[in-house]
Amino acid sequence: MDIDNLTSATLRRFVVTFSNPLTRRITDYLRGHQLGPENPLAVLGADGKPLSTDFEGQVSYWTGDLLPSSDPRYGKQVQALRKSFVFRNVTLEGVEMLADGVGADEPDWGFTVSRPLGDDEKPTEDEEALIRELEGILTSWWDRRDLPGLLQTALVTAIAHGRQPVRPRIPDRFRDSEGRLKQQPPEKSLDGLWLTLPDVADSGIYTDPDTLEDYGLTRLSLPVPGGGTRDGWELTRLDEDGRTIVRSITPDGDGTDSGALDLGGQLWLLELRFARGAVTRDVLANQDALNVGLTSLSRNTRWAAFEKTILLGVDPPLDDDGRIKPLTGPGAESYLQPSVAREVETQTGPDGQQVEVSRERMYPGASVNKLDPAEPKAIQAAIDQATANIYSILRQRFMLMDDQATVSGRSREVATGSYLRAVARYGVTVEAFIRALLMLAARVSAIVQGRPGRYDGLRPVVTCRQRVFEPSADAITTYQALQQAGVISLQTLRGLAGIADPDAEQQQIDRERGTSPPQPKPQP
C-alpha cells in the first residue's frame, strides 16, 4: 500500500473487501427490515424528490408469489403486501441467544504480572500496588463507558456477520494545539477514551496482499459546506518502530498524521472476529420461508373473519346517481359480470352512413360464490418447519422444547450440547478481544499520565461466564472440590456458582465477619 498516494477511489476498493453479497441483507434482517432494504434505491429529480417509486426494491426480500413488475396492478399489490406483511425475527432471536451465552453476565477480568512466576512465588508489593492502581483506573472507565452493554451489542453483530470493528475515539478537546494528548492524573487518564461500533461494511482490518501488513480503515461521513456529507477516512498503521499512526483523510484526499503512540504494536482499531458468521444463506432462506408463512396465515385469517362474495350475472347496487357503489376487500361483494351484457357495433346504413347498433344479451346463468379461507394446517406446518430449521442451524434445538413440560432437565442439557460448544468457541475469542481492549486502554492511560510503558509489565486475565442453566447442587459440589484441590481459585468458584461480582461478595463476607455478633454455642 502506497501510504502517500491514497485516493478516495483506492480506499473505496479496500473498504469493499469488508463486505460480501449477504452483508447488507443480514444487517437489514437484524434491524427488522425483512420485506425490503432499509433504504431502497430511488430515482431523484433535480429538486431532490423521487421521480418514481421503486416498488420492486421495497419488496426485494419477499420470496412469495407476485405479479410481474410490468403488470399495471403490480404497484397496488406491493402496497397491499407492505400493509399486511407479518414477520417474526427468529434470526435475531437466535443470534442474541448465542450472544447471551457469552456476554449476558459481565466477564471477570483482572491483571497479573507478565513475567513468569516460580512455584509459590507471588508478585512483589510494588507489583501488587501497580496492579491495584491499574485495575482501579480501568474499572472506573469500564463502568463509565458501560462496556458490558457495548460488548453485548458488538457480540450480536460479530456473531451474525463474523466480525465487528471497534473504533477508539479521543475528542479534540482532550488534545493540545499540536494534536498531542493532554496530560492528566491517573484517575482522569481515560476520561477522553471512547469506543464506537462502526458498520461492518464501513470498517475493518485490511491486510496488504503484497507486504501482509495490517491496516485499520474506517469510512466516515463528513459534513460539507452547503449541506450533505462526503466520504472521509481514518487509516491506522504501524511505523518502522512499531508505533501506532492514525491518519485522517479528507474527501479530497488530503491526509494528516497524528503523533506516533506507543501502543505495544496495536492498531487504533480493534476487531472482534470469529471464524465465520452464524447467519448464513440457509438461515436467511428459512427466515424468508417463515415470513411467507406468517403473512399467508394472517391473510388467510382475514378471509375467515371477513368472508368475500363473488356474484356472477347479477346486477350490482347503484347509488342515487346511477353509479356502482365501490365495495372492495374482505367482506365485500364483487360483481364480475352484469345480468345483461350490452354490445355496440358500428355498421353502414342503406344511405352509406355509419350507424351504431346495440344489442343486449342475457348472461347465461347467475351464480353466487363465497371465498372461504384455506385449511391452515399446511401453512402452520411450514411455519413450524422454518422456525425449527433456523434454531437447528444456530445450534439451538433445545428451544423447540419450550412447550414440552415433560422433558427432563437433563434432556434439555443434552440438547444444548452443540450450543454450549459454539458458545465456548465464541468465549475464547471474546476473552482474547477483551484482553486486547484492556491493554489498549492501559497503554493510553500511561501515555496520558506522561509515563508511557508504565503498565507494560502487566497482562490482563479474562474469563467469560458461559452459563445457560443454573448450576446444580452436584455441579457446585464438584466446583468446591476443584477449589479445595487448588485447581481453580475461590473467585472462579464463585463465578461458576452464579455470583455476579465475586469481589463484592468477598467484601461483604469480610464485613459480616468483622461486625456480626458471636454466635452462641449449641447447648448439649
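Heads up: the structure comes first, above all this text.
Remember, predicted model here, so these are calculated numbers, not experimental data.

Undergrad: Explanation requested: the overall build of the chain in the structure shown.
TA: On a plain count of helices and strands, the chain comes out with 14 helices and 15 strands. In the chain, which comprises 524 residues, the proportion classed as buried is 38%. In the chain, once contacts between residues fewer than 6 apart in sequence are set aside, the share between residues at least 24 apart is 65%. As displayed, the chain has an accessible area near 30,300 Å², and 50% of this comes from carbon and sulfur atoms.

Undergrad: Help me understand the sheet that holds strand β6 (residues 229-238), please; the structure alone is not making it clear to me.
TA: Within a sheet, each strand pairs with its neighbour through backbone hydrogen bonds, oriented either parallel or antiparallel. Taken in spatial order, the five strands make up an open sheet running β4-β5-β6-β7-β8, and their pairing is antiparallel. Each edge of the sheet is formed by a strand with only one pairing partner; in this case those strands are β4 (203-207) and β8 (255-257). Taking the axes of each pair of neighbouring strands and ignoring which way they run, one obtains an average angle of 25 degrees across the sheet. The pairing of β6 with strand β7 (residues 244-249) spans six bridges and is classified as antiparallel. Of the residues in β7, the one forming a bridge with Arg237 is Ile245.

Undergrad: Any chance you could explain helix α1 (residues 8-16) here in plain terms?
TA: Because each turn of an α-helix spans 3.6 residues, side chains separated by three or four positions in sequence point in the same direction. Of the residues making up α1, those classed as buried are Ser8, Thr10, Leu11, Phe14 and Val15. When α1 is viewed along its axis, its buried side chains cluster within an angular range of 160 degrees and face the same direction. Looking at α1, the residues exposed on the side facing more than 90 degrees away from the buried face are Arg13 and Val16. For α1, the elements touching its buried residues are β4, β5 (214-223), β6 and β7.

Undergrad: Looking at this model, I keep getting lost on helix α7 (residues 147-161). Mind explaining?
TA: Along its 15 residues, α7 runs 21 Å from first to last C-alpha, staying within 8% of the 21 Å computed at 1.5 Å per residue. Among the 15 residues of α7, 12 are classified as buried, and the element is accordingly described as predominantly covered. Just downstream of α7, Gly162 is the residue with a positive phi angle, here 100 degrees.

Undergrad: Which parts of the structure should I look at to understand a positive patch on the surface?
TA: Taken together, the side chains of Arg276, Arg395, Arg421 and Arg425 define a basic patch exposed on the protein surface. With respect to the helices, strands and loops of the structure, Arg276 is situated in the loop between β9 (270-273) and α8 (281-305). According to the relative accessible area criterion, Arg276 is partly exposed, its value standing at 47%.

Undergrad: Explain the packing of aromatic side chains here, please?
TA: The relation between two aromatic rings is expressed through the spacing of the ring centres and the mutual angle of the planes. Summed over the entire model, instances satisfying the criterion amount to nine aromatic pairs. Taken together, a centroid distance of 5.2 Å and an interplanar angle of 65 degrees make the contact between Phe398 and Tyr419 edge-to-face. Taken together, the residues span a long stretch of sequence, with Phe398 in the loop between α9 (377-393) and α10 (409-415) and Tyr419 in helix α11 (residues 417-448) at a distance of 21 residues. Overall, the relative accessible area of 1% leaves Tyr419 in the buried class. In textbook terms, an aromatic cluster arises when at least three aromatic residues are bridged by ring pairs, as seen for Trp62, Phe85 and Phe87. Stacked on the ring of Trp194, the Lys or Arg Arg145 has its end atom at 3.8 Å from the ring centre.

Undergrad: Is there a simple way to think about the packing of helix α5 (residues 90-103) against α7 in this case?
TA: What describes two packed helices is the angle between their axes and the distance between those same axes. Viewed as axis vectors pointing N to C, α5 and α7 meet at an angle of 125 degrees, and their least axial separation amounts to 9 Å. Comparing the axis directions of α5 and α7 gives the class oblique. Taken as a pair, α5 and α7 cross one another with a handedness that is right-handed. Counting all contacts with α5, which are made through Leu92, Val95, Glu96, Leu98, Ala99, Asp100, Val102 and Gly103, the residues of α7 involved are Gln152, Leu155, Val156, Ile159 and Ala160. Of the residues assigned to the contact of α5 with α7, the class counts are nine nonpolar, two polar and two charged.

Undergrad: Would you take a moment to explain the nonpolar core for this structure?
TA: Side chains of a nonpolar character, in soluble globular proteins, are inclined to be buried together. Ranked by internal contacts, the top residues of the largest apolar core, which has 77 residues, are Phe111, Leu138, Trp141, Leu155, Ile159 and Val430. Looking at this core element by element, the count peaks at 17 residues for α11. The next biggest cluster of nonpolar side chains, apart from the first, holds 12 residues, and it includes Leu6, Tyr206, Tyr215 and Trp233.

Undergrad: I would appreciate a short explanation of the environment of Val95 in the present structure.
TA: When you line up the elements, Val95 lands in helix α5. Sequence separation between Val95 and Leu394 is 299 residues; the distance between their C-alpha atoms is 7.5 Å. Not counting the four nearest positions on each side in its chain, Val95 is found in contact with Val156, Ile159, Ala160, Val279 and Leu394.

Undergrad: Looking at this structure, how should I read unusual backbone geometry?
TA: Generally, phi is negative for residues other than glycine and the peptide bonds are trans, each holding for most cases. Here the phi dihedral of Asp120 falls at roughly 65 degrees; this positive angle occurs in a residue that is not glycine. Along the chain, the position of Asp120 falls in the loop between β1 (108-113) and α6 (125-144). Despite not being glycine, Arg395 has its phi angle at roughly 65 degrees, a positive value. Mapped onto the elements of the fold, Arg395 is located in the loop between α9 and α10.

Undergrad: Explanation requested: the sheet that holds β9 in the structure shown.
TA: Sheet architecture is open: three strands sit in the order β3-β2-β9, paired in antiparallel fashion. Strand pairing shows two members of the sheet lacking a second neighbour, β3 (194-196) and β9, which therefore form its edges. Direction aside, neighbouring strands of the sheet carry axes that sit 25 degrees apart on average. Bridge count between strand β2 (residues 163-169) and β3: three bridges; the pairing is antiparallel. Its bridge partner being in β3, Pro168 is matched across the sheet by Leu195.

Undergrad: Could you clarify how one ought to interpret the side chain of Arg163 in this entry?
TA: Within the fold, Arg163 resides in strand β2. A polar contact is formed between the side chain of Arg163 and the side chain of Glu271, at a distance of 2.8 Å. Setting aside residues up to four positions removed in sequence, Arg163 forms contacts with Phe18, Thr157, Ala158, Val200, Ser203, Gly204, Glu271, Leu272 and Arg273.

About the thresholds
- In this numbering scheme, every chain counts its residues from 1 along its sequence in written order.
- Since the coordinates come from a predicted model, pLDDT governs what is reported: local features require at least 70, and pairs of side-chain atoms require 80 or more to be given and counted, while whole-chain, interface and lining totals use all residues.
- As a rule here, side-chain values cover all heavy atoms of the structure and leave hydrogens and water aside.
- Note on conventions: DSSP H or I runs of at least 4 residues are helices, E runs of at least 2 residues are strands, and numbering of each starts at the N terminus.
- Accessibility here uses a 1.4 Å probe with only protein chains present; expressed as a share of the type maximum, an area under 20% marks a residue as buried, one over 50% as exposed, and anything in between as partly exposed.
- Contact criterion: two residues are considered in contact whenever any of their non-hydrogen atoms come within 4.5 Å of each other.
- The accessible surface values rely on the Shrake-Rupley method and a 1.4 Å probe; as for residues, cover is taken only from the protein chains in view.
- A pair of strands counts as paired when DSSP detects no fewer than two bridges linking them.
- Only the stretch in contact is used when fitting a helix axis, every axis being a line fitted to C-alpha atoms; angles between N-to-C directions are given from 0 to 180 degrees.
- Within this analysis, the arc is defined by the directions that extend from the helix axis to the C-beta atoms.
- A helix is expected to span 1.5 Å multiplied by its residue count minus one.
- Only residues whose relative accessible area exceeds 30% and that form no salt bridge enter a patch; like-charged residues are grouped when within 9 Å of one another, and nonpolar side chains (Val, Leu, Ile, Met, Phe, Trp, Tyr) when within 5 Å.
- By convention in these notes, a salt bridge is any Lys or Arg side-chain nitrogen within 4 Å of a carboxyl oxygen on Asp or Glu.
- Two residue types count as positive, namely Lys and Arg, and two as negative, namely Asp and Glu; His and chain ends fall outside the count.
- The atoms used to mark charge sites are NZ of Lys, CZ of Arg, CG of Asp and CD of Glu.
- For this analysis, a ring pair means two rings from Phe, Tyr or Trp (six-membered ring only for Trp) whose centres lie within 6.5 Å, classed as stacked if their planes differ by under 30 degrees, edge-to-face if by over 60, and tilted for the remaining angles.
- Our definition puts a charge over a ring when NZ of Lys or CZ of Arg is within 6 Å of the ring centre and also within 35 degrees of the ring normal.
- For classification purposes, an angle smaller than 35 degrees is called roughly parallel, one larger than 145 roughly antiparallel, one from 65 to 115 roughly perpendicular, and anything else oblique.
- Working rule for handedness: look at the near helix, and if it is turned counterclockwise from the far one by less than a right angle, call the crossing left-handed; if clockwise, right-handed.
- Each residue receives one of three labels: charged for Asp, Glu, Lys and Arg, nonpolar for Ala, Val, Leu, Ile, Met, Phe, Trp, Tyr, Cys and Pro, and polar for the others, Gly being one of them.
- Working definition of a nonpolar core: buried Ala, Val, Leu, Ile, Met, Phe, Trp, Tyr and Cys residues. They are joined through side-chain atoms within 4.5 Å.
- Polar contacts, as used here, are pairs of N or O atoms within 3.5 Å; protein pairs need one atom able to donate a hydrogen and one able to accept it. Residues neighboring in sequence count only if both atoms are side-chain atoms.

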